[in-house]
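In case you want the letters, here they are:
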Amino acid sequence: MGQAWFYPGILPQRFTWDNWQQLLVGQSELQLGLLISLILGVGVAILATLSGFVISKEIARAKHKNRWLLLAYWPFVLSPVVLAVLVQRFFLLTGMSGEVIGVLLGQLILAFPFAVIFFQSFWSQQVLQLEQQSQTLGASAAYTLKKVLLPLAKPMLLICFFQTFLISWFEYGLTQFIGLGKVKTLTILVFKYINEANIFHAALASLLIMLPPALLLWLNKRFVFRGI
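Quick caveat: nothing in here was measured; it's all calculated off a predicted structure.

### Considering the packing of aromatic side chains
The way to describe two aromatic rings as a pair is by their centre distance and the angle between their planes. Applying the stated criterion across every chain, the model contains 10 aromatic pairs. Aromatic pair F53 and W123: ring centres 5.1 Å apart, planes at 45 degrees, arrangement tilted. Of the two residues, F53 sits in helix α2 (residues 29–61) while W123 sits in the loop between α5 (100–119) and α6 (125–136), which places them 70 residues apart along the sequence. Judged by relative accessible area, which is 3%, W123 ranks as buried. Considering the side-chain rings of F122 and W123, the 4.8 Å spacing of their centres and the 75 degrees angle between planes classify their relative orientation as edge-to-face.

### A short note on the packing of α6 against helix α7 (residues 141–170)
Direction vectors running N to C along α6 and α7 enclose 145 degrees, while the axes themselves pass 10 Å from each other. α7 is crossed by α6, and the crossing has right-handed handedness. Contacts between α6 and α7 involve V127, L130, E131, S134 and Q135 on the former and, on the latter, A141, T144, V148, L149 and L152.

### A word on the confidence of the model for the chain
On average, residues of the chain carry a pLDDT of 83, and 86% of them reach 70 or more. Per-element averaging of pLDDT across the chain places strand β1 (residues 2–3) at the bottom with 58 and α5 at the top with 93.

### Digging into the pattern of salt bridges
Evaluation of the coordinates by the stated rule reveals 3 salt bridges. E29 is the salt-bridge partner of K184, the closest N and O atoms lying 3.3 Å from each other. Here K184, found in the loop between α8 (173–179) and α9 (186–195), pairs with E29, found in helix α2; they are 155 residues apart in sequence, far enough to count as distant. As a salt-bridge pair, E29 and K192 come within 2.6 Å of each other at their nearest N and O atoms. Within this pair, whereas E29 is found in helix α2, its partner K192 is found in helix α9, the two being separated by 163 residues in sequence. Assessed through its relative accessible area of 25%, K192 is described here as partly exposed.

Definitions and cut-offs
Residues numbered from 1 in each chain as written. Predicted model: local features only at pLDDT ≥ 70, side-chain atom pairs only at ≥ 80, totals over all residues. Heavy atoms only, no water. Phe/Tyr/Trp six-rings, centres within 6.5 Å; stacked < 30°, edge-to-face > 60°. Helix = DSSP H or I, 4+ residues; strand = E, 2+ residues; numbered from the N terminus. Buried < 20%, exposed > 50% of the residue type's maximum accessible area, 1.4 Å probe, protein only. Axes fitted to C-alpha atoms, helices over the stretch in contact; angles between N-to-C directions. Left-handed = near helix turned anticlockwise from the far one by under 90°. Contact = heavy atoms within 4.5 Å. pLDDT = per-residue confidence, 0-100. Salt bridge = Lys/Arg side-chain N within 4 Å of Asp/Glu carboxyl O.

In structure tokens form, the structure reads like this:
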């Protein structure tokens, strides 16, 4: 909202809605960045949560559980930038560099192991025995999943969805390298505007970045933790 801000003034010399009008009217770069960020965040969250829930169950029942679980930690040993450099060749050979699908798969490298680790606390012996008892009494695997496991896991599924969404939402290193600067999420745009000394668009992009975490924090407090 502010324009013509000069040091050492605390507030801008004048306030205007011009930057917001550019965002809401027409096809601005920030609109596209917001849309791409939302698509990536929701896509990564859904895929990571569902696949993490299923794979974590298999790991919990595996003979060498700790060995498999240890593999889920390896993406977090390296920084996202170093990890992106290591996997960049794969995305170049498959033609997914500079594409939204490539960035989505790249972000899953971090989100999926997080989901696997997150759900390990759910698959306790009590839950596994409850699943086995349900099937022993004649329930099918699909019925047990729908009526027994999903109701028990609902709060954790929601929390994992929120967390993996935020991993994608704030991700910079993998997005920058795999996206080749073509996939401009809000995080990428913030750094771009800062490098261009465009403080007003940088402030607007930063404000947009903070809106989903604030909304998810409210939803967590309002629904998830109340349910727990």
